[in-house]
There are 2 protein chains.
Amino acid sequence: MLDRVADKWSLLVIALLERRHLRFSELRRQIDGVSQRMLTVTLRQLERDGLVKRTVHPVVPPRVDYELTPLGATLHDTIRSLVIWTEEHQTEIAVARTEYDRRMADQVEAS
Amino acid sequence: MLDRVADKWSLLVIALLERRHLRFSELRRQIDGVSQRMLTVTLRQLERDGLVKRTVHPVVPPRVDYELTPLGATLHDTIRSLVIWTEEHQTEIAVARTEYDRRMADQVEAS
DNA sequence: CGGAATCCGCACTGATACTG
DNA sequence: CAGTATCAGTGCGGATTCCG
């Protein structure tokens, strides 16, 4: 279960859909680095889990809208706090990484 | 960045370390299904990111304790809300899944 | 446009052996 | 005990192609 919720792409999709419903191609453009395959797979899983609603408009060219279900909306609050956390602490983490890498390099040098 | 934080094993490690500091083997026992290799890798990443502190006790047999850093502790709150969410809604999700699977099966049958 | 299907490489796993 | 190292097997994810 955690696997699904803690999935990178799922988090991003839910974060984006909370603002407004989006089309497939809009999602793909806004989520940097997602392949078409993974976006499709992710959306299917979220739909299956009842977190996202998929609406197909029978027009030419085809148009598919995605939006959060009420259940999906309840998840959004905790998602957002996670996203906010990463934004707030990413510089701290960057510092920690460089320090760690330095310590490791020094250790090798000393040996 | 989200990759690291949204990682399955990282979440579980942080959730466990919040209660109390743990030894390597204790973590491994309590996290079901984690391989020794992935636990090692996960702990190294968390240490590098400054979320977990690693303490080696120079005794025989060796003993290594892991605990959350202050930075890691700030992450725990949002982690916990995520874990709580999954626990609270997992039956809802299970229902959604079976319904979805039924709809898909019916669709195939009708074709 | 929004997929489904296929192929393929790589990361993860599991097992085993070895070390401080 | 807490790792590191290595190898074989598997499954996920990327790139590409084709379809309604």
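Because the structure is predicted, anything quoted here is derived from the model rather than measured.

What counts and what doesn't
- Residues numbered from 1 in each chain as written.
- Chains lettered and ligands numbered in written order.
- Predicted model: local features only at pLDDT ≥ 70, side-chain atom pairs only at ≥ 80, totals over all residues.
- Heavy atoms only, no water.
- Near = heavy atom within 4 Å.
- Polar contact = N/O pair within 3.5 Å; in protein donor to acceptor, adjacent residues only side chain to side chain.
- Helix = DSSP H or I, 4+ residues; strand = E, 2+ residues; numbered from the N terminus.
- Nonpolar A, V, L, I, M, F, W, Y, C, P; charged D, E, K, R; others polar.
- UniProt positions renumbered as here; feature names shortened; annotations may be inferred.
- Least-squares fit on C-alpha atoms with pLDDT ≥ 70 in both.
- Contact = heavy atoms within 4.5 Å.

1. Quick look at the protein's contact with DNA strand C
Surveying the vicinity of DNA strand C reveals 17 residues, the closest of which are Gln36(A), Arg54(A), Tyr66(A), Met38(B) and Pro62(B). Of what DNA strand C places within 4 Å of the protein, 73% of the atoms are sugar or phosphate. Here a sugar or linking oxygen of DNA strand C and a side-chain polar atom of Arg23(A) are 3.2 Å apart. At 4 residues, helix H4 (residues 36–48) of chain A tops the list of elements feeding residues into the surface near DNA strand C.

2. Here's the deal with the protein's contact with DNA strand D
Neighbouring DNA strand D are 16 residues; Met38(A), Ser25(B), Gln36(B), Arg54(B) and Tyr66(B) lie closest to it. The sugar-phosphate portion of DNA strand D accounts for 65% of its atoms within 4 Å of the protein, the bases making up the rest. Arg37(A) places a polar side-chain atom, nitrogen or oxygen, 3.1 Å from a base oxygen of DNA strand D. Within the side chain of Tyr66(B), an N or O atom sits 2.6 Å from a phosphate oxygen of DNA strand D. Of all elements in the fold, only H4 of chain A together with helix H3 (24–30), helix H4 (36–48) and strand S3 (63–68) of chain B reach the threshold of two or more residues within the surface near DNA strand D. Of the residues contributing to the surface near DNA strand D, the split by class is 7 nonpolar, 5 polar and 4 charged.

3. As for the UniProt feature "domain: HTH hxlR-type" (unreviewed entry) in chain A
According to UniProt, the feature "domain: HTH hxlR-type" (unreviewed entry) maps to residues 1–94 of chain A in the numbering used here. Segment residues 1–94 of chain A splits into 65% helix and 15% strand. End C-alpha atoms: 30 Å apart.

4. Examining the environment of Gln36(A)
In this structure, Gln36(A) sits in helix H4. Through-space distance from the C-alpha of Gln36(A) to that of Pro62(A) is 16 Å; in sequence the pair is 26 residues apart.

5. Comments concerning the relation of the copies chain B and chain A
Its rotation angle being 180°, the transformation that places chain B on chain A also includes 0.1 Å of axial translation and leaves an RMSD of 0.3 Å. Taken together, the rotation and translation relating the two chain copies correspond to the operation of a two-fold axis. For chain B, the minimum C-alpha distance to the rotation axis belongs to Ala6(B) and amounts to 2.5 Å.

6. A look at the side chain of His89(B)
Its location among the elements puts His89(B) in helix H5 (residues 70–110). Once residues lying within four places of it in the same chain are set aside, the contact partners of His89(B) are Leu71(A) and Thr74(A).

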